[in-house]
Amino acid sequence: MRWADLLVLLPAAPYRLAAFPFALVFHFLCASGHLSLTARYIFLLAGGCLLAGTAMGSYTVLLLIPAAGSVLIHLFVSPTSALTWVFALQMSWQTLCHLALSSQELNMQDARPAFALSAIMLLTQKATSLALDIHEGLVSLQQGRGLLQRVLPLCSYLLFFPALLGGPLCSFSRFQAQAESSGTLPIPLRAAGQRCLGALALQGLRVGLATGLGARQGCAGWGCLPHVWAQALPLRLAYYLHWVLDEALLEVAGFGPEAGQGDLSFHDLWTLETTHRLAVFTRTWNKSTSRWLRRLVFQRCPIQPLLATFAFSAWWHGLRPGQVFGFLCWAVMVEADYRIHTFLSAQATTQGVKLLYCGTTWVFTQLIVAYILVAVETESFSTLRLLWTSCSSILPLCYGLALLLLL
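Residues numbered from 1 in each chain as written. Predicted model: local features only at pLDDT ≥ 70, side-chain atom pairs only at ≥ 80, totals over all residues. Heavy atoms only, no water.

Student: Please set out the overall build of the protein residue by residue, giving values where relevant.
Tutor: When helices and strands are tallied, the protein shows 18 helices and zero strands. Among the 407 residues that make up the protein, the fraction classed as buried is 50%. Across the protein, contacts joining residues at least 24 apart in sequence account for 77% of those joining residues at least 6 apart. Accessible surface computed for the protein: about 18300 Å², of which carbon and sulfur atoms make up 68%. (Helix = DSSP H or I, 4+ residues; strand = E, 2+ residues; numbered from the N terminus. Buried < 20%, exposed > 50% of the residue type's maximum accessible area, 1.4 Å probe, protein only. Contact = heavy atoms within 4.5 Å. Areas by Shrake-Rupley, 256 points an atom, 1.4 Å probe, with all protein chains shown as cover.)

See the structure below:
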């Protein structure tokens, strides 16, 4: 795996930053009462189409087709069947796009296919979340309203520009409530400013680590353990950076997530870096996606829901070799984590033993997370085989063996 691929993760940051002025203008116009509700929906939808056209070019059509299909399903299919149809449409289309664009996505000279795939994945989240809300009776699409009044909020929700290329999943009911509220300018701007300062600090740390670790090439023996951890650290910081920027953009536009509902707060960052439980790390990592997967798959699957959830996550991410291996490995590690900590916590009866237990399992959690992240980002079988055969596979193998012994 090349460091250029590791460190240019989700290169849509310039487009996110370019959207900040539009988000600020939108929030100011809403707060001052210059935009009617219909105008707000049109502004958000037009901004999304403009951002998509700028970032994706001709690939924008790949995003508009499933968005239009989902809207038509909600208009003409009964609420009891809409979830099945939306899920089938979104995942079939997304899988076809992954297969068709997989080779082009790896071309770092043209990032448009990667932007399109990322936007389609986020569209799948929003479309299925809305279908779940309708199926469970949490949202009702009023049938008595005119066609435009029914279509415009749906299109705007699926394509609104602050959440087109990233951001925590926003429910349709919260989107409507925020779009209809006038909002107050200072509070979200203060929160967004804090997030931007945090993103700046993360970027500085990431660049410093990339400079310091960039010269490391290859590993041998037990040295592969710290080497894989060093590879994964800039990746984690890149994810943190983009999640913070995404939430800042939503804050500026007035669609900031509710407390504890975003992808990354500073409390979440502390939890991710200090927890000695892999299961806690998993629940905290990319929280809005975790909640979406739990609601869509885990709570609805009667057999092996944990394995099914991670298998679906691999499908949703694109089914590359590293993704399939990484997410299935992650499922086994989380199951083992539950059983290992249940066993060890019962044995840790003194303060010294508890400190040893927490410290050791924290190191193990950090190394296993690094192993999974590097595996998921691996693009080829040959590179994945090098990871399998290295000493960094010892900890996952030990956790798998412990799972078998503790079943």
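The rest of the description comes next.
Student: Quick one: what's the story with the packing of helix 3 (residues 37–56) against helix 7 (residues 147–159), residue by residue and with numbers?
Tutor: Across the interface, helix 3 lies against helix 7 with an axial gap of 8 Å and an inter-helix angle of 40 degrees. Accordingly, the angle class assigned to the pair helix 3 and helix 7 is oblique. In terms of crossing hand, the pair formed by helix 3 and helix 7 is left-handed. Taken together, the residues of helix 7 that come into contact with helix 3 (itself represented by Thr-38, Tyr-41, Ile-42, Leu-44, Leu-45 and Gly-48) are Leu-152, Pro-153, Cys-155, Ser-156 and Leu-159. Classifying every residue of the contact of helix 3 with helix 7 by side-chain character gives eight nonpolar, three polar and no charged. (Axes fitted to C-alpha atoms, helices over the stretch in contact; angles between N-to-C directions. Parallel < 35°, antiparallel > 145°, perpendicular 65-115°, else oblique. Left-handed = near helix turned anticlockwise from the far one by under 90°. Nonpolar A, V, L, I, M, F, W, Y, C, P; charged D, E, K, R; others polar.)

Student: Tell me about the packing of aromatic side chains, and name the residues and values.
Tutor: Counting across every chain of the model gives 26 aromatic pairs. Judged by centre distance (5.4 Å) and plane angle (40 degrees), the ring pair of Phe-26 and Phe-43 falls under tilted. Remark: Phe-43 occurs in helix 3 and Phe-26 occurs in helix 2 (residues 13–31); sequence separation between them is 17 residues. Site record: aromatic cluster; members linked through ring pairs are Phe-26, Tyr-41, Phe-43, Tyr-157, Phe-160, Phe-161, Phe-172, Phe-175 and Phe-255. (Phe/Tyr/Trp six-rings, centres within 6.5 Å; stacked < 30°, edge-to-face > 60°.)

Student: Can you explain the UniProt feature "transmembrane region" (unreviewed entry) in the protein? Please cite residues and give values.
Tutor: The UniProt feature table records "transmembrane region" (unreviewed entry) at residues 6–29, 41–65, 71–93, 151–172, 352–374 and 386–406. Across residues 71–93 one finds 91% helix and 0% strand; the C-alpha atoms that close the span lie 15 Å apart. Taken end to end, residues 151–172 is 45% helix and 0% strand, and its first and last C-alpha atoms sit 13 Å apart. (UniProt positions renumbered as here; feature names shortened; annotations may be inferred.)

Student: Describe a nonpolar patch on the surface, naming the residues involved and giving the relevant values.
Tutor: Taken together, the side chains of Phe-343, Leu-401, Leu-404, Leu-405, Leu-406 and Leu-407 make up a nonpolar region of the molecular surface, amounting to roughly 650 Å² of accessible area. Looking at the nonpolar patch, the element that brings in the most residues is helix 18 (residues 394–406), giving four residues. Among the structural elements, Leu-405 can be located in helix 18. Look at Leu-405 and you get exposed, because its relative accessible area is 67%. (Patch = residues over 30% accessible without salt bridge, like charges linked within 9 Å, V, L, I, M, F, W, Y side chains within 5 Å. Salt bridge = Lys/Arg side-chain N within 4 Å of Asp/Glu carboxyl O.)

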